[in-house]
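# Observations on the model geometry
Chain residues, written in single-letter form:
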Amino acid sequence: MSSLARLVSVEAGGRAIGKIAEYGLILGVARLLGSDGLGVVAFGLVLLRISGAFGRLGMDVMVQKFVPADRSAPDRLAGTVVLGVVSAAVAGTVFGLAGYAVVPVVRPLGYEISEPARLFLLGVPLYTVLRVAEATTRGYKQTRYAVYAREFAQRVAALPLAVCGVFLVGNVLGAVYAYLASLALGAGVGLFYVWRIGALDGIASASYTPRRVFGYALPAMLFSVAHPLILWVDVLVLGLLVPPSDVGLYEAAYQTAILPTFALVAVSAVFPAMAADYHEAGAHDRLRRTLQTVTKWVCVAAGFAGLFLLVFADPVLRLFGKEFAAVGVTFTVLLGSQVMSVATGPVNYVLSMTEYERLEMVNTSVVAVGNAVGNVLLVSEYGIVGAAVSTSLAVVLLDVLRLVQVRHLLGFWPYERSFLLILPVLAATGCGMWVVRTVVSRPYIGLIGGGVVGTGLLIAGAYALYSPSDRMLFESVQEL
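The structure reproduced in this document is the subject of the present report.

Rules used in this analysis
Residues numbered from 1 in each chain as written. Predicted model: local features only at pLDDT ≥ 70, side-chain atom pairs only at ≥ 80, totals over all residues. Heavy atoms only, no water. Patch = residues over 30% accessible without salt bridge, like charges linked within 9 Å, V, L, I, M, F, W, Y side chains within 5 Å. Areas by Shrake-Rupley, 256 points an atom, 1.4 Å probe, with all protein chains shown as cover. Salt bridge = Lys/Arg side-chain N within 4 Å of Asp/Glu carboxyl O. Helix = DSSP H or I, 4+ residues; strand = E, 2+ residues; numbered from the N terminus. Buried < 20%, exposed > 50% of the residue type's maximum accessible area, 1.4 Å probe, protein only. Disulfide = S-S within 2.5 Å. Core = buried A, V, L, I, M, F, W, Y, C linked by side-chain atoms within 4.5 Å. Contact = heavy atoms within 4.5 Å. Expected span 1.5 Å × (residues − 1). Phe/Tyr/Trp six-rings, centres within 6.5 Å; stacked < 30°, edge-to-face > 60°. Lys NZ or Arg CZ within 6 Å of the ring centre and 35° of its normal.

## Quick notes on a nonpolar patch on the surface
A surface patch of nonpolar side chains, about 470 Å² in accessible area, is lined by Val 329, Tyr 382, Val 385, Val 389 and Leu 393. Examining the composition of the nonpolar patch, we find that 3 residues originate from one element, helix α16 (residues 384-410), more than from any other. Following the sequence through the fold, Val 385 ends up in helix α16. We classify Val 385 as partly exposed; its relative accessible area is 33%.

## Looking at the environment of Arg 118
As for its placement among the helices and strands, Arg 118 is situated in helix α4 (residues 115-119). Arg 118 sits in the buried class, given a relative accessible area of 11%.

## Some thoughts on the pattern of salt bridges
Using the criterion set out here, one finds 14 salt bridges in the structure. Note that Glu 22 and Arg 49 form a salt bridge whose closest N and O atoms lie 2.5 Å from each other. The buried category is assigned to Glu 22, whose relative accessible area is 15%. Across the pair Arg 402 and Glu 360 runs a salt bridge, and its minimum N-O distance is 2.5 Å. Placement of the pair is Arg 402 in helix α16 and Glu 360 in helix α15 (residues 357-382), with a sequence separation of 42 residues.

## Details of the state of the cysteines
Overall, the coordinates contain 0 disulfides when judged by the stated rule. The thiol of Cys 299 is unpaired, and the distance to the nearest cysteine sulfur, on Cys 431, comes to 19 Å. The class for Cys 299 is buried, based on a relative accessible area of 13%.

## A few points about the nonpolar core
When a protein is soluble and globular, its nonpolar side chains tend to lie buried together. Ranked by size, the top nonpolar core spans 75 residues in total, and within it Leu 48, Tyr 179, Leu 238, Tyr 250 and Phe 331 carry the most contacts. For this core, the leading source of residues is helix α1 (residues 3-55), giving 15 residues. Apart from the residues lying within four places of it in its own chain, the contact partners of Tyr 179 are Leu 25, Leu 45, Leu 48, Arg 49, Phe 120, Gln 154 and Ala 158. Membership of the second largest hydrophobic core comes to 30 residues, among which are Met 59, Met 62, Phe 66 and Leu 77.

## Focus on helix α5 (residues 124-139)
With 16 residues, α5 ought to run about 22 Å at 1.5 Å a step, and its terminal C-alpha atoms sit 23 Å apart, in line with that. Of all 16 residues in α5, 15 are buried, a share of seventy percent or more. Phi turns positive one or two residues past the end of α5, at Lys 141, with a value near 60°.

## Some details on the side chain of Ser 392
Summarising the element assignment, Ser 392 is placed in helix α16. For Ser 392, the contacting residues outside a window of four places in its chain are Val 333, Leu 334 and Ser 337.

## Concerning the packing of aromatic side chains
Enumeration over the complete set of coordinates arrives at 13 aromatic pairs. With a centroid separation of 5.8 Å and an interplanar angle of 90°, the aromatic rings of Tyr 23 and Phe 320 are classed as edge-to-face. Here Tyr 23 is found in helix α1, whereas its partner Phe 320 is found in the loop between α12 (313-318) and α13 (328-343), with 297 residues between them in sequence. Under the relative-accessibility criterion, Tyr 23 is labelled buried at 16%. Between Phe 66 and Tyr 216 the ring centres are 5.3 Å apart and the planes differ by 55°, which places this aromatic pair in the tilted class. Here the residue Phe 66 occupies a position in helix α2 (residues 59-70), and Tyr 216 occupies one in helix α8 (residues 210-241), the gap between them amounting to 150 residues. Just above the ring of Tyr 100 sits the side chain of Arg 118; from NZ or CZ to the centre is 3.6 Å. Between the NZ or CZ atom of Arg 144 and the centre of the ring of Tyr 145, over which it lies, the distance is 4.6 Å.

Encoded structure:
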């Protein structure tokens, strides 16, 4: 396996572990503190991440762009990294403290933000430093260090720290303090690896180029802000307009509904590099075949995960607690949109890697604004169901836009006629799981049995779907 292929496997594995740990954190908080506590934590995390998107100033994107080019000049490299880290730390502190100070101002307007949720804003500078340090190691192609810092030192550590914090403090503040501690740990580990890879070796004679750094970083910040708004504006609006218990119910439904998107974790690690290489070489036919192959298999994986969650929605949601079984409608709406999103394939990377990154930024920005307006209007009237509808429409609209643009600009779809074979495979898999759920009276035994039966049927059906183009994709990954 080549060095890049190893990086891909580290990246994909690290992201998967980080996602699982994050889901475990949400599940653990719900079990220990109920929907109220989960709602406070979910809202606080969104305040942290949105403020952090502004506070990074696009420096994480900047260092990934300039670090590879500056490695031949240690003094300029050190100046670039120091400017990136310090700017993100200062801006993160400003945005965090500003947000913390604004909370008392909005309370008289009827927007209730609890003190524990407000405390998350104090972690913004830690979050921004972590993200820039992580991006610096990626610029060095030291993916494992980025994974160690963000996925293990921060995300994985947050789970046991939060459990211990709740037991020690006895309320939601324990989870808040624990998460802030995990951010400090992640930022510290990230900075250690920045030093270890030699990015600061030329710091004694560092050459600073602020015009170049900020000239690239600030425009990049626009996309960095637009994308989080699509992901988190629903929880932000809910946190301002509905009780924390409703936010907690929605968070459990949303985090469970996005599980099928795990099918894109490995794809996001390998496909952008392949798409960029094929486009640069003018091999658009190979890009088309690769996109179609990737889309086929993520459709299969996401379709299976979506059917499993739909069939066993009640026992899965009850893992969070009995009260969470009441969000069936919200969960179904969110689940449908996430599966549809995955089914369009990695068309976002196709646009970004074929010199249409500005178009992708426009897509994301326009849909983010529409989603924010939709959430404000629908949440006021329909609560968490309104948030689910607005967010789902935004997700589907964004991916349909990308789909049409890829067809118009590059001349191909991510689909081919053989995709029709996916439908009977998934239908048989779904029927098998439904039969197990119907026959087995104990919910969690049925859930396990249904998973086993469904997986067996899926593997059997996969043989019918395998084609020579799939072998080409696997060989291409090995050659990276």
